[in-house]
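Read off the chains here:
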Amino acid sequence: MKKLLLLSMTAMLMAACGDEEETKEKGASKVETETSASTEEKKEVSTEEKAKETKKVVEKKDSTEEKNLSGKYPYMDKDGHIDILSDAFINAYTRQNRIEEFAGITQGMDVAEVEKMYGKPTHDGKSRVGSNHERFGDIAIENTDYKVSQIYINSSTPVTREEILAKYGVATEVWKSDDGEVISLVYNNNHSNGFQLILHFDKNDNFIAMEQQPETYQMTGELIVSDDDAPSANEAKETNSEVSCEYGGPTVAENEKEERLLTIAIANKCLDNFEQNPSDKESQTVAWNLMIRGAAPGAFADYPDVKAAAEKVYQRLGKYDTRALEYKDDYLNP
């Protein structure tokens, strides 16, 4: 009996030990599970916090870049706008030779490099021969073969000729149209600095563009300084100046120069049609025939304003067929 009691107690002790071990294992498993969950939660929080920190760094970097750009030039705000009546601009631009460089933009620079500094063009720029230039803030460039060939200053704020004269003083020379309207003021008080300052105006005496040119430069030919000077719809109808995309149509020009300008106007009209409707390949072909296939060598070389306007058409054609850029010199040079 004692043996049976002893065996029974031994069995109970062993069972109790087994339950204890199982409990310990379950406890350990529970702790391990909780620890694993806690670790995963920490990882999740850590990842989320890391993402937030990364976002802060990026935002701070963007803010710093914007601040650096806006504070880079004292005459320019964060959007690239320039007050041409400010002393900061007058000192930086009008009293130094800026023909080849201004605000980090240099002649011969790839337009892509300008875009890296200023972003994509914000408007069509304006010069004395049209408004097909690219504009970055208030700086316009002439794009020749995707390189900067000329630098102009435009203005987002309207400025009149009277305000210019009040700030800049009396011009050394005044250029007028055939009708006697003032179209440009020239400032060239120092004949040893290598440049002259030229400011262009529309027929309402509003400022259009400013540029620097060598002192030997003389503007010749008819001026087309702004879209503001283009005839109204009624004026265009009255003067029969409206054109359609047509090759070999009747010519209404009175002389060779007007004929060349008419050709350019028709080619631009055709390219407008094509750009509005890329499936209109016929309009693109007509523009090509007008400017290349049907043009004689040196056709647009005799008049500076005609040459400049034709250059823009070849640039437009070159976007769709690079051969236009290869051939253009045959028609732009004598």
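Anything mentioned here points back to the structure above.
Residues numbered from 1 in each chain as written. Predicted model: local features only at pLDDT ≥ 70, side-chain atom pairs only at ≥ 80, totals over all residues. Heavy atoms only, no water.

A. Focus on the overall build of the protein. Secondary structure assignment for the protein yields nine helices and ten strands. A sequence separation of at least 24 residues applies to 53% of the contacts in the protein between residues at least 6 apart. For the protein, the computed accessible surface area is about 20300 Å², with 50% contributed by carbon and sulfur atoms. (Helix = DSSP H or I, 4+ residues; strand = E, 2+ residues; numbered from the N terminus. Contact = heavy atoms within 4.5 Å. Areas by Shrake-Rupley, 256 points an atom, 1.4 Å probe, with all protein chains shown as cover.)

B. Expanded view of the packing of helix 7 (residues 281-293) against helix 8 (residues 304-318). The N-to-C vectors of helix 7 and helix 8 enclose an angle of 130°; their axes lie 11 Å apart at closest approach. With respect to helix 8, the axis of helix 7 lies oblique. For the crossing formed where helix 7 meets helix 8, the hand is left-handed. Each of Ala-287, Trp-288, Met-291 and Ile-292 in helix 7 lies in contact with helix 8, whose residues at this interface are Ala-310, Val-313, Tyr-314 and Leu-317. Taken together, the residues of the contact of helix 7 with helix 8 break down into eight nonpolar, no polar and no charged. (Axes fitted to C-alpha atoms, helices over the stretch in contact; angles between N-to-C directions. Parallel < 35°, antiparallel > 145°, perpendicular 65-115°, else oblique. Left-handed = near helix turned anticlockwise from the far one by under 90°. Nonpolar A, V, L, I, M, F, W, Y, C, P; charged D, E, K, R; others polar.)

C. Representation of the environment of Tyr-331 in the model. The residue Tyr-331 is located in helix 9 (residues 323-332) in this model. Using a relative accessible area of 10% as the deciding quantity, one classes Tyr-331 as buried. Taking the C-alpha atoms as reference points, Tyr-331 and Ala-310, 21 residues apart in sequence, are found 8.9 Å from one another. Contacts of Tyr-331, omitting those with residues within four sequence positions, involve Met-291, Ile-292, Ala-295, Ala-296, Pro-297, Gly-298, Ala-299, Phe-300, Ala-301 and Tyr-314. (Buried < 20%, exposed > 50% of the residue type's maximum accessible area, 1.4 Å probe, protein only.)

D. The arrangement of helix 7 in detail. Those residues of helix 7 that sit buried are Ser-283, Gln-284, Val-286, Ala-287, Trp-288, Asn-289, Leu-290, Met-291 and Ile-292. Elements in contact with the buried residues of helix 7: helix 6 (256-276), helix 8 and helix 9.

E. Looking closely at the packing of aromatic side chains. One pass over the full model with this rule turns up twelve aromatic pairs. Here the aromatic rings of Phe-89 and Phe-102 are separated by 6.2 Å at their centres, their planes lie at 85°, and the arrangement is edge-to-face. One end of the pair, Phe-89, is in helix 2 (residues 87-94); the other, Phe-102, is in strand 1 (residues 101-102), and 13 residues separate them in sequence. Looking at Phe-102, the relative accessible area reads 0%, which means it is buried. Consider the rings of Phe-274 and Tyr-320, whose centres lie 5.0 Å apart with planes at 85°: the pair is edge-to-face. A residue pair is termed long-range when its members are at least 10 positions apart, and Phe-274 in helix 6 and Tyr-320 in the loop between helix 8 and helix 9 qualify at 46 residues. The partly exposed category is assigned to Tyr-320, whose relative accessible area is 37%. (Phe/Tyr/Trp six-rings, centres within 6.5 Å; stacked < 30°, edge-to-face > 60°.)

F. Layout of the pattern of salt bridges. Following the criterion strictly, the structure yields 16 salt bridges and no others. The salt bridge involving Lys-116 is made with Glu-113; its shortest N-O contact spans 3.3 Å. With a gap of three residues between them, Lys-116 and Glu-113 both fall in helix 3 (residues 111-118), about one helical turn apart. With relative accessibility at 64%, the residue Lys-116 sits in the exposed group. Note on Glu-113: relative accessible area 35%, which makes it partly exposed. For Glu-275, the salt bridge identified is with Arg-316, shortest N-O distance 2.9 Å. On the criterion of sequence distance, the pair formed by Glu-275 in helix 6 and Arg-316 in helix 8 is long-range, its members being 41 residues apart. Of the residues examined, Glu-275 reaches a relative accessible area of 35% and is grouped as partly exposed. (Salt bridge = Lys/Arg side-chain N within 4 Å of Asp/Glu carboxyl O.)

G. Molecular detail of unusual backbone geometry. Here the phi dihedral of Asp-145 falls at roughly 55°; this positive angle occurs in a residue that is not glycine. Following the sequence through the fold, Asp-145 ends up in the loop between strand 5 (139-144) and strand 6 (147-153). Overall, Asp-145 belongs to the partly exposed group, its relative accessible area being 35%.

Just distances and angles here, no functional claims.
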